[in-house]
Protein chains: 2
Amino acid sequence: MSDRKEFRDLATPEAAREAIDSLDLAPEPETVPLAEARGRVLAERVDAAIDVPGFDRASMDGYAVRARDTFGADEADPAELDLVGAVHAGAAPEVTVSPGTCAEVSTGAVMPEGADAVVMVERTDELGADGEAETGAGEGAKGDPGRIAVRTAVAPGDHVMSAGADIAAGARALGPGTRLTPREIGLLSALGVDEVPVEGKPRVGIVSTGDELVRPGEALDPSRGEIYDVNSTTIAAGVEEAGGEPVLYPHAGDDYAEMERLLRRAADECDLVLSSGSTSASAVDVIYRVIEERGELLLHGVAVKPGKPMLVGRLDRGGSDAAPESDRVGESAYVGLPGYPVSALTIFRTFVAPAIREAAGLPEPATATVEGRMGVGERYGEGRMRLMPVGLLDLDDGDRPLVHPVDKGSGATTSLVEADGVVAVDPDTEYLDRGETVSVRLFSPDVRPPSLLGVGEDDPALNRLLDRLENPRYLPVGSREGLRRLRDGVPDVAVVAGPTDREVETVDLGGWTREWGLVVPAGNPADVTGLGDVVDRDLRFVNRPTDSGLRRSLDDALDALADERSTSRGELTEGIAGYDLTVRAFESPARRVIAGAADVGLGLRETAARLDCGFVSLGEQSVTVRAAPDRTERDAVTALAAALDDPADLLDGLAGYSRNSRNDP
Amino acid sequence: MSDRKEFRDLATPEAAREAIDSLDLAPEPETVPLAEARGRVLAERVDAAIDVPGFDRASMDGYAVRARDTFGADEADPAELDLVGAVHAGAAPEVTVSPGTCAEVSTGAVMPEGADAVVMVERTDELGADGEAETGAGEGAKGDPGRIAVRTAVAPGDHVMSAGADIAAGARALGPGTRLTPREIGLLSALGVDEVPVEGKPRVGIVSTGDELVRPGEALDPSRGEIYDVNSTTIAAGVEEAGGEPVLYPHAGDDYAEMERLLRRAADECDLVLSSGSTSASAVDVIYRVIEERGELLLHGVAVKPGKPMLVGRLDRGGSDAAPESDRVGESAYVGLPGYPVSALTIFRTFVAPAIREAAGLPEPATATVEGRMGVGERYGEGRMRLMPVGLLDLDDGDRPLVHPVDKGSGATTSLVEADGVVAVDPDTEYLDRGETVSVRLFSPDVRPPSLLGVGEDDPALNRLLDRLENPRYLPVGSREGLRRLRDGVPDVAVVAGPTDREVETVDLGGWTREWGLVVPAGNPADVTGLGDVVDRDLRFVNRPTDSGLRRSLDDALDALADERSTSRGELTEGIAGYDLTVRAFESPARRVIAGAADVGLGLRETAARLDCGFVSLGEQSVTVRAAPDRTERDAVTALAAALDDPADLLDGLAGYSRNSRNDP
């Protein structure tokens, strides 16, 4: 094995936080156009540079008058004034209101000289030039000026907004640190501001260091062990969400000299450089070398699980010539994240995102943390802090949502969407009891926990059913395991295919029947006719795991065949090459057959039809959706039941599918 | 007055909501690069197209073995295997593991043919070619292959993630309607997806219809009654926040033919067209004409305050030749918003933003609505629903935040930032009592209510003090009004300048002294020497309102002068031209002097110095920050007191400012 750094003296999580806090991630403030300022944070106070409004402004449609001329006027004894003209919004007044006169004004108009109040049009009558009242106030003003009867007294300033009354030049409008939402953008617009000084977005460079990583969209060669790069895109999105500006550096593959150049360049160009733990020792060595030559390693190794291999350091700028000279001063922060996606996102969420937010001047969103109650008991006590990925389920019962640990083992990317956030379990905590309150840091403030949690068999009709629900979560753990989990009290429903020996109390919400059997290459070149051929002939088989309903039906069929032949199932399966080779999903055996890696796969007629394979039927099995008895009244469960009741095109075009009335064991 | 539509039959708010719901705002789904997909909503289900991992993958550093070869091995009796080579992550295996052999593997490596399990490096010893144990596992593997002692038994599949075990090709990965946060982007990356089908963003055209409106950044002519266009930018930001794509159309001013062309073009190009109520009757007429000619008016006038003039309709496409032929089919929705900024944002938030969210497939954010308790009692009962703008203040006492109505009258843009959201008060509600629970729709989910609410005098040192606090809100209502509001129980602190006759129980947190007097043009051309000149000579004066502390000190000085002259203050002020002309902020009188609109203004030495004016001192007055007695323990109030205690550069460079020990009345 390679020479590799050991993480003997692990830092505490607090020390890791302090180390990151000691780094300067904050970029210089910048000026952005108002149209792009939403969500940004004011870097300095903005004072009003102008009066708003900039003039004495009529705030009603009506007549501008000298208030003194209306004193004593009322319905019985209106004041009569000569109409000398009109002022409309957006026009300079061309009239002066002298004693005994008035001018028509629209809301928003500049008050004409001499006038100090507005009488609402509803309290006036137009008399015409002859002094006779005309029909309806506010009509027919297009012709000759006439006389206006004012049926109310007004005081100076009535229905006038004086210049600067809204906000006056020199007044404090918005303070530093203000987050710009639509309303602040409104106030800035009123002040005529079209460029705003805002806190800069920290530039966060993301350097991808695994030899085996390929960017999404590019071609993948699994035979070389290539996998898609999950962390770069996930962390880039997380950086953006935390108010930073992600910069993805090209992937250097196994060119370590290039990787070193990229790290130096990222340090020159960014406020923070992130890499995610490589499985390649050489890549880690490059990172150490770059930090040791130009920078400082503040800590390596933190006593958290996951995240032990986390690195925190500083990188001096000036190490590359890619950036302009002016940028190559000062230093950049560096954090090395673990390699597995859920671990990387967990460490990013716990230690790095808060630092980016802080540097961007953004508060932690209120929705980023929720209180929940443990839905199961869980044992700990590993001597270091455990950052436990958990899923949430809100039972709409007014209580805190149910929390259930998601631990699919190292490296599962599906944990990303099966968990909603992370619970930090203290090193001293040995056991979290069911019902205990825990605080869940959501992976992001926009994470929306599911409305419904289902577990069990995977099935194409089920996929369609799930598409009709609002935000369900479904874990395809197989029928047996699904029932086990339902019994343990976390999920709402389990989907069960074929026979099962588990005794779990459930409420049957409905289901369908699917045809299962042997998937063979198109045209059935080996001329497979039934299970006997699989047992007797030299055919390569692909199976499903024992938790799956398909496997249970297969084993029942093998039992029947063994009875027929007066032997045991074990005897029969000994002769099946690949009986122990189980693959994960309902289409997986068929795909192995198509790839030429097997001759026969366990599967559905629907899969064979969809993937243009041959099919040998072995029977039908029911698929039933079963609810936990205490969840049948939940909105999401009744919605599921309703979707099941209304088959519509749920089964349309699915080969071998039918509605079932019977629910066979 | 012009011929104008009357809103006689007002629709109910429910009818308005139904009318908007009946419009089709939803755009076609689109495909976006994964890097731009954050925050978008999946338009269809994404199934896995590949197995993840795509190969049987070592999940530990160690040795790939045939499990059978390790059966029975333990610490006392290790199994010894020949090392035949190594497989690293990102490389194709070049070795085969036959019985009795093993291959070194790194985490992530492809399992070599023949091997079915991995032994962790920690449970092995390297023996060297000679069979002797070497120092430390995993060291010195660079030389000759040797033999490996395996000190544990493993079962087939141990420390191996089989192909498709994370997610298998054909399995459901993400359902339609899923909001894409970093974690979903991670899963899509793992599947190699680099383009995602997402719900389209509704295009929302914003047509600005007021003759008097000028876009921020352009020059303003207040003498023509011009004001900056607040609604276009505010609503554009709101559209963006709700998940739409705002399109701002150029401002047509008073060119009604052009406005008509713009409306038709917006209908062709957008899913929804918004205009905000114009004060110009002609502009409203244009809107009616366009809708009547090509479209349908669903309702005009809604029984809400504000929002009575709201319009809802449809506009047929094809009315302009600006858009490509293909776009000019179907119809666009139209909503006319009120003209005043707070009213426009209120109606937008209440009726339009939910419809945009719905069309974009986005849920209403959890933070968009909060429960609060009325901080004051308020009378209603106007026979229609009142959408009341309110401010919030969270007292950190575990109780719901305090809610206080913000009603600065029509058209105040500052209400935008003094209110945090809207309470919908039912038409039947006659009175909301202090303490009553109300539901506040925040103007946007990112609105963060203030940490501290202050009221009172405006002052430049106070502005600096506020800059040091985290998210304060300060309403410059003057000293008198500030004390009144403090007594009524909503604000935390009042800032009081000069003498006051209000008896309000407060806790003095500290303050300073400022020099006040007469601001005159630079060089004091009229040779003003004191208050006597203002009283006796023909000088144009500008005053501050009676609520301000500056005005109180001025009136006290006038009282003293009247005593000296054995007359009354009233007699003296009769002779001051402009004594009743009061302007809003502490700099406003000085600015009028600079503009040549006055000869003398009431103001501060600091203002005169800053604006390069002359100054005639009339004295000093104290400015004190006073807390409500029940708020002194609040974090934000103690932070304010601490900032006051540590003057630092609070008063540095402010002319005429000093720390005061005395707190003079």
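Quick notes on the rules
- For every chain, the first residue of its written sequence is number 1, and the numbers climb from 1 along that sequence.
- Chain letters and ligand numbers both follow the written order, the letters beginning at A and the numbers at 1.
- Local features in this predicted model are restricted to residues whose pLDDT is 70 or higher, and side-chain atom pairs enter the listing and the counts only when it is 80 or higher, whereas totals over whole chains, interfaces and linings include all residues.
- For side-chain calculations, the full set of non-hydrogen atoms in the structure is used, while hydrogens and water are omitted.
- The superposition of copies rests on a least-squares fit of C-alpha positions from residues with pLDDT of 70 or more in both.
- By definition, residues are in contact when any of their heavy atoms lie within 4.5 Å.
- Strand pairing is defined by DSSP finding a minimum of two bridges between the two strands.
- The helix count covers DSSP runs of H or I at least four residues long, the strand count covers runs of E at least two residues long, and both are numbered beginning at the N terminus.
- To obtain each axis, a line is fitted to C-alpha atoms, and for helices this fit is confined to the stretch in contact; angles are then taken between N-to-C directions over 0 to 180 degrees.
- Pairing of aromatic side chains requires ring centres within 6.5 Å, counting the rings of Phe and Tyr and the six-membered ring of Trp. Pairs whose planes differ by under 30 degrees are stacked, by over 60 edge-to-face, and all others tilted.
- Should the NZ of a Lys or the CZ of an Arg lie within 6 Å of a ring centre and within 35 degrees of the ring normal, that charge is described as sitting over the ring.
- To sort the angles, those under 35 degrees are grouped as roughly parallel, those over 145 as roughly antiparallel, those from 65 to 115 as roughly perpendicular, and the leftovers as oblique.
- Crossings are assigned a handedness: left-handed for a near helix turned anticlockwise from the far helix by less than a right angle, right-handed for a clockwise turn.
- The residue classification treats Ala, Val, Leu, Ile, Met, Phe, Trp, Tyr, Cys and Pro as nonpolar and Asp, Glu, Lys and Arg as charged. All others, Gly included, are polar.
- A pair is scored as a salt bridge if a Lys or Arg side-chain nitrogen falls within 4 Å of a carboxyl oxygen belonging to Asp or Glu.
- The buried label goes to any residue with under 20% of its type's maximum accessible area, the exposed label to any with over 50%, and the partly exposed label to all in between, with areas taken from a 1.4 Å probe on protein chains only.
- A quick way to say it: buried area is the sum, across both parts, of accessible area lost when two parts are put together, with a 1.4 Å probe.
- Any pair of N or O atoms that falls within 3.5 Å is considered a polar contact. Within protein, one atom must be able to donate a hydrogen and the other to accept it, and sequence-neighbouring residues count only if both atoms are side-chain atoms.

## Focus on the relation of the copies chain B and chain A
Between chain B and chain A, the superposition needs a rotation of 180° and an axial shift of 0.0 Å, giving an RMSD of 0.0 Å. The two molecules are tied by a two-fold rotation axis, judged by turn and shift. No C-alpha of chain B lies nearer the rotation axis than that of B:Thr367, which sits 3.6 Å from it. Of all interface residues in chain B, 98% are interface residues in chain A too; the two copies therefore contact each other through one and the same surface.

## Regarding the sheet that holds strand 21 (residues 331–337) of chain A
Residue and element names in this part refer to chain A. With respect to topology, 6 strands assemble into an open sheet ordered 16-13-17-21-20-18, the strand pairing being mixed. Each having just a single partner strand, strand 16 (245–248) and strand 18 (295–300) make up the two edges of the open sheet. Strand-to-strand, the axes of this sheet are offset by a mean angle of 20°, without reference to chain direction. Here strand 18 pairs with strand 20 (residues 311–316) via 5 bridges, running antiparallel. Residue pairing in the sheet places His300 in a bridge with Leu311 of strand 20. Where helix 3 (residues 231–241) meets the sheet, it contacts strand 13 (203–207), strand 16, strand 17 (272–276) and strand 21, and its direction lies at approximately 160° from that of strand 16.

## A short note on the packing of aromatic side chains
By convention here, two paired aromatic rings are described through the distance between centres and the angle between planes. Taken as a whole, this structure holds 0 aromatic pairs over all chains when the rule is applied. Positioned above the aromatic ring of A:Tyr579 is the side chain of A:Arg551, whose terminal nitrogen or guanidinium carbon lies 4.7 Å from the ring centre.

## Quick notes on the packing of helix 3 (residues 231–241) of chain B against helix 6 (residues 341–360) of chain B
Residue and element names in this part refer to chain B. At a minimum axis separation of 10 Å, helix 3 and helix 6 run at an interaxial angle of 25°. Of the possible angle classes, the one that applies to helix 3 and helix 6 is roughly parallel. The element helix 3 and its partner helix 6 pack so that their crossing is right-handed. Two secondary-structure elements touch here, helix 3 through Asn231, Thr234, Ile235, Gly238, Val239 and Glu241 and helix 6 through Pro341, Ala344, Leu345, Phe348, Ile356 and Arg357. Residues that form the contact of helix 3 with helix 6 fall into these classes: 7 nonpolar, 3 polar and 2 charged.

## Focus: the pattern of salt bridges
All names here are of chain A. Taken as a whole and judged by the stated rule, the model has 108 salt bridges over all chains. Here Arg314 and Glu331 are joined by a salt bridge, their closest N and O atoms 2.3 Å apart. One end of the pair, Arg314, is in strand 20; the other, Glu331, is in strand 21, with 17 residues separating them in the sequence. Overall, Arg314 belongs to the buried group, its relative accessible area being 17%. Measuring nitrogen to oxygen at the nearest pair gives 2.8 Å for the salt bridge that ties Arg484 to Glu481. Here the residue Arg484 and the residue Glu481 both occupy positions in helix 9 (residues 479–488), the gap between them amounting to 3 residues, near one helical turn. Judged by relative accessible area, which is 27%, Arg484 ranks as partly exposed.

## Notes on the sheet that holds strand 6 (residues 101–105) of chain A
Residues and elements named next belong to chain A. Within the open sheet, the 6 strands sit side by side as 7-4-6-5-9-8. Their pairing is mixed. Each edge of the open sheet carries a strand with a single partner, namely strand 7 (117–120) and strand 8 (124–128). Ignoring strand direction, the axes of neighbouring strands in this sheet form an average angle of 40°. Of the strand pairs in this sheet, strand 4 (residues 62–65) and strand 6 are connected by 3 bridges, and their pairing is antiparallel. Within strand 6, the position partnered with Gly62 by the bridge is Val105.

## Section: the interface of chain B and chain A
How big an interface is tends to be reported as the loss of accessible area on association of its parts. On the chain A side, the residues contacting the 115 residues of chain B number 114 residues. For the pair chain B and chain A, the summed buried surface comes to about 8900 Å²; carbon and sulfur atoms form 54% of the total. Remark: the boundary between chain B and chain A carries 12 salt bridges. In this structure, B:Arg183 engages A:Asp420 in a salt bridge whose closest nitrogen and oxygen atoms are separated by 3.2 Å. Here chain B and chain A share 31 residue pairs in polar contact (both at pLDDT 80 or more) between them. Among the secondary structure elements, those contributing two or more residues to the side of chain B that touches chain A are strand 11 (172–174), helix 2 (182–190), strand 15 (227–228), helix 3, helix 7 (415–418), helix 8 (460–467), strand 30 (472–475) and helix 13 (588–594) of chain B. For the side of chain B that touches chain A, the element with the highest residue contribution is helix 2 of chain B, accounting for 8 residues. Here the residues of the side of chain B that touches chain A are counted per class, giving 50 nonpolar, 31 polar and 34 charged.

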